[in-house]
Amino acid sequence: MQLHISPSMRSITISSSSSNGFIDLMKIKVASRHISYRTLFHTILILAFLLPFVFILTAIVTLEGVNKCSSFDCLGRRLGPRFLGRVDDSGQRLEKDLYKILNQVNNEEIPDGLKLPDSYNQLVSEIMSKKYDAKTFAFMLRAMMEKFEREIRESKFSELMNKHFAASSIPKGIHCLSLRLTDEYSSNAHARKQLPSPELLPLLSDNSYHHFVLSTDNILAASVVVSSTVQSSLKPEKIVFHVITDKKTYAGMHSWFALNSVAPAIVEVKGVHQFDWLTRENVPVLEAVENHTGIRNYYHGNHIAGTNLSTTTPRMFASKLQARSPKYISLLNHLRIYLPELFPNLDKVVFLDDDVVIQRDLSPLWEIDLGGKVNGAVETCKGEDDWVMSKHFKNYFNFSHPLVAKNLDPNECAWAYGMNIFDLRAWRKTNIRETYHSWLKDNLKSDLTMWKLGTLPPALIAFKGHVHPIDPSWHMLGLGYQNKTNIESVKKAAVIHYNGQSKPWLQIGFEHLRPFWTKYVNYTNDFVRNCHILKS
């Protein structure tokens, strides 16, 4: 760049070199009249100020062919904001344009026939090769994400269905155990011996003993409940177990306890067919529950039919599947409501589910004053987890049904089955059984629209006003639901309950929680070994 002042001081020229020689960028002419040195000085001073900007303009002109845009346009776009003290906002404009396109695509239908790539790498490759515009890219991105979301949901629902079938099925080893023990009952006199022995029969109705009731058709689970109770007791000689099972399992159950003594504790095994009181006249509702075609279809039929998976969350679907467990229409699961009639000579019993493990002496339960109440139970409305210990009536009942809304409080605290102290003397003075039957009938008439989940909802109604809360440390729930169960809390609990689908005898059971159960399985027993019931 050169600055040239003519000898006559009448013109000043600013020029720049190029491949074609010098280009005049600016030429200033003055009048022919005399110019003072002061004026000349000021002019040169102004030019010195302008020279840097002229240099920038020259650089833009030189690079004009590379940028392929108007030099003045480029200059204005690049230098204008800086002259005005602003920074380049092209990134912000790009961000706004992107948001605008995404919102537009979100409000429009995905074009029919849009072919989607199978992976991110394929998407990038197609964009580079086919030069997609931003809107097409956004449509493809949205369609891919929706496709993957559907596949994930379908996989989750499939997992839940498979887990439900696994939880409802009988493991091969347990089925084998039942068959082999049944065969042993027919061929081995020792397996058929009287339980308990004749001299101990009076103790079955002796109220100075601690009486436990267990209703199950799972021989292995029953063995764990009885063994863990006896081994954890400080007074095993005071324990009497009343094991109730169905007709098909009776022979196998009897064989197990006849061949595997838990002395000094006493065990009685009875089948439902051996109770004179359990007639069709006394339990008409339960017979209807077991044999009603609609009910059987609900529990054994297609669990997806009628379910809108697009609006159902996996957690809601899991709850519905849990409510459809076939065990809920089994007479064995409803037997606890008939305890006063089944054991007319007993005053107090502890009822245990077959998926519990006893880790502490339960003798103090008989010393708890129930204050005239019938049912001593752990309340399940005062915990933090959503699955187990934060349950109210609203979690079990359909309060849009007028009969439910009229008679029940949605915020009333629920309680747990699994380990309950029942005062049978106080129970016999109530109408609990009649209330239970009445609500079961109403729910059947309403096509199960009042509640879905098993035997607890009618019990919550029937025992309303008859429950005495006991300390939660007696009964810890949720080991069949929650993988993140606190191990230290498990160790401290008197009774741990594997309520939920992940039973410890199933492959879907939680590995870190299973040892609390397997420690009471006799793996040296020939029947257990021959049925390949192995410690995991």
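Everything discussed here concerns the structure shown above.
Thresholds applied
- Residues numbered from 1 in each chain as written.
- Predicted model: local features only at pLDDT ≥ 70, side-chain atom pairs only at ≥ 80, totals over all residues.
- Heavy atoms only, no water.
- Disulfide = S-S within 2.5 Å.
- Helix = DSSP H or I, 4+ residues; strand = E, 2+ residues; numbered from the N terminus.
- Buried < 20%, exposed > 50% of the residue type's maximum accessible area, 1.4 Å probe, protein only.
- Core = buried A, V, L, I, M, F, W, Y, C linked by side-chain atoms within 4.5 Å.
- Contact = heavy atoms within 4.5 Å.
- Axes fitted to C-alpha atoms, helices over the stretch in contact; angles between N-to-C directions.
- Left-handed = near helix turned anticlockwise from the far one by under 90°.
- Nonpolar A, V, L, I, M, F, W, Y, C, P; charged D, E, K, R; others polar.
- Salt bridge = Lys/Arg side-chain N within 4 Å of Asp/Glu carboxyl O.
- Phe/Tyr/Trp six-rings, centres within 6.5 Å; stacked < 30°, edge-to-face > 60°.
- Pairing = 2+ DSSP bridges.
- Patch = residues over 30% accessible without salt bridge, like charges linked within 9 Å, V, L, I, M, F, W, Y side chains within 5 Å.
- Areas by Shrake-Rupley, 256 points an atom, 1.4 Å probe, with all protein chains shown as cover.
- Polar contact = N/O pair within 3.5 Å; in protein donor to acceptor, adjacent residues only side chain to side chain.
- Expected span 1.5 Å × (residues − 1).

S.K.: Mind showing me how you'd approach the state of the cysteines here?
M.R.: The bond known as a disulfide is covalent and runs between the sulfur atoms of two cysteines. Under the defined criterion, the tally for this structure stands at two disulfides. Across a sulfur-sulfur distance of 2.1 Å, Cys176 and Cys531 are joined as a disulfide pair. Its torsion about the S-S bond being -75 degrees, the disulfide of Cys176 and Cys531 is classed as left-handed. With a gap of 355 residues between them, Cys176 in helix H7 (residues 172-187) and Cys531 in the segment after helix H21 (526-530) connect regions that are remote in the sequence. The two residues Cys176 and Cys531 agree in class, both being buried. What pairs with Cys381 in a disulfide is Cys413, and their sulfur atoms sit 1.9 Å apart. Measuring the twist about the S-S bond at about -100 degrees, one finds the Cys381-Cys413 disulfide to be left-handed. Remark: Cys413 occurs in the loop between helix H15 (402-407) and strand S10 (419-423) and Cys381 occurs in the loop between strand S9 (375-377) and H15; sequence separation between them is 32 residues.

S.K.: Would you take a moment to explain the nonpolar core for this structure?
M.R.: The nonpolar side chains of a soluble globular protein tend to be buried, and buried together. If you look at the biggest cluster of nonpolar residues, it comprises 67 residues, and the most contacted ones within it are Leu177, Phe241, Phe257, Leu352, Leu365 and Ile496. Counting residues per element, this core draws most heavily on helix H8 (residues 219-232), at eight residues. Excluding anything up to four places from it in sequence, Phe241 contacts Phe212, Leu214, Val225, Val226, Thr229, Ile266, Val267, Glu268 and Leu352. Core analysis: the next-biggest nonpolar cluster, separate from the first, contains 44 residues, Leu331, Tyr338, Trp451 and Phe463 among them.

S.K.: I keep staring at the packing of H8 against helix H9 (residues 247-259) and nothing clicks. Help me out?
M.R.: Geometrically, a packed helix pair is captured by the angle between its two axes and the distance between the axes. Contact pair H8 / H9: the axes reach a minimum separation of 10 Å and the direction vectors enclose 35 degrees. For the crossing formed where H8 meets H9, the hand is right-handed. Contact with H8, carried on its side by Ile219, Ala222, Ser223 and Val226, involves Thr249, Gly252, Met253, Trp256 and Phe257 of H9 and no other residues of that element. When grouped by side-chain class, the residues that make up the contact of H8 with H9 number six nonpolar, three polar and no charged.

S.K.: I keep staring at the pattern of salt bridges and nothing clicks. Help me out?
M.R.: Side chains that differ in charge, positive against negative, can pair when their charged atoms come close. Within the structure shown, the criterion is met by 12 salt bridges. Between Asp246 and Lys248 there is a salt bridge, with the nearest N and O atoms lying 3.4 Å from each other. Classification of Asp246 as buried rests on a relative accessible area of 15%. Taking relative accessible area as the criterion, Lys248 reaches 60% and is therefore assigned exposed. In this structure, the salt-bridge partner of Glu511 is Arg514, at a minimum N-O distance of 2.9 Å.

S.K.: What exactly am I supposed to notice about the packing of aromatic side chains here?
M.R.: Here the distance between the centres and the angle between the planes together describe a pair of aromatic rings. As enumerated under the stated definition, the model contains 13 aromatic pairs in all. A ring pair is formed by Trp277 and Tyr338, whose centres lie 5.2 Å apart and whose planes are at 50 degrees; its orientation type is tilted. In this pair, Trp277 is assigned in the loop between strand S6 (266-271) and helix H10 (284-291) and Tyr338 in the loop between helix H13 (331-334) and helix H14 (339-342), connecting sequence segments 61 residues apart. Aromatic side chains Trp415 and Phe463 sit 5.8 Å apart centroid to centroid with 90 degrees between the ring planes, which places their arrangement in the edge-to-face category.

S.K.: Help me understand the sheet that holds S6, please; the structure alone is not making it clear to me.
M.R.: The strands making up a sheet are joined through hydrogen bonds of the backbone, oriented either antiparallel or parallel. Here we have seven strands laid out as an open sheet, ordered S6-S5-S4-S7-S10-S9-S11, and mixed in their pairing. Two strands close off the open sheet at either side, each with one partner strand: S6 and strand S11 (467-469). Pairs of neighbouring strands in the sheet enclose a mean axial angle of 25 degrees, with direction left out of account. As judged from the two bridges shared by S9 and S10, these two strands associate in the antiparallel manner.

S.K.: What is the right way to read a nonpolar patch on the surface from this model?
M.R.: Taken together, the side chains of Leu98, Tyr99 and Leu102 make up a nonpolar region of the molecular surface, amounting to roughly 280 Å² of accessible area. Judged by relative accessible area, which is 36%, Leu102 ranks as partly exposed.

S.K.: Before we go on, may I ask you to explain the side chain of Asn260 in this structure?
M.R.: Within the element layout of this structure, Asn260 appears in the loop between H9 and S6. Since its relative accessible area comes to 17%, Asn260 is described here as buried. A polar side-chain atom of Asn260 sits 2.8 Å from the main-chain carbonyl oxygen of Trp256. At 3.0 Å, the side chain of Asn260 and the side chain of Asn525 are in polar contact.

S.K.: Just to check I follow, could you spell out helix H17 (residues 432-445) for this structure?
M.R.: Note: α-helices contain 3.6 residues per turn, so residues at a spacing of three or four share the same orientation. If you check H17, its first and last C-alpha atoms are 20 Å apart, about what 14 residues at 1.5 Å a residue would give, namely 20 Å. Every buried residue belonging to H17 is among Ile432, Arg433, Thr435, Tyr436, His437, Trp439, Leu440 and Asn443, and all of these are buried. Two residues or fewer past H17, Asp447 is found with a positive phi of approximately 60 degrees.

S.K.: Would you explain unusual backbone geometry in this entry?
M.R.: Trans is the common state for peptide bonds, and a negative phi is the common state for residues other than glycine. In this chain, Leu195 is followed by Pro196 through a cis amide linkage whose omega measures -10 degrees. Mapped onto the secondary structure, Pro196 falls in the loop between H7 and strand S4 (210-215). For the bond from Ala263 to Pro264, the omega torsion is 15 degrees, close enough to zero to count as cis. In this structure, Asp447 takes a positive phi of about 60 degrees despite not being glycine. Looking at the secondary structure, you find Asp447 in the loop between H17 and helix H18 (456-462).

S.K.: Could you clarify how one ought to interpret H9 in this entry?
M.R.: A rise of 1.5 Å per residue sets the reference length of H9, with its 13 residues, at 18 Å; its end C-alpha atoms lie 19 Å apart and thus fit the reference within 8%. Most of H9 sits out of view: 10 of its 13 residues are buried. Within H9 the residues assigned to the buried category are Thr249, Tyr250, Ala251, Gly252, Met253, His254, Ser255, Trp256, Phe257 and Ala258. Along its buried surface, H9 packs onto H7, H8, strand S5 (239-245), S6 and H21.

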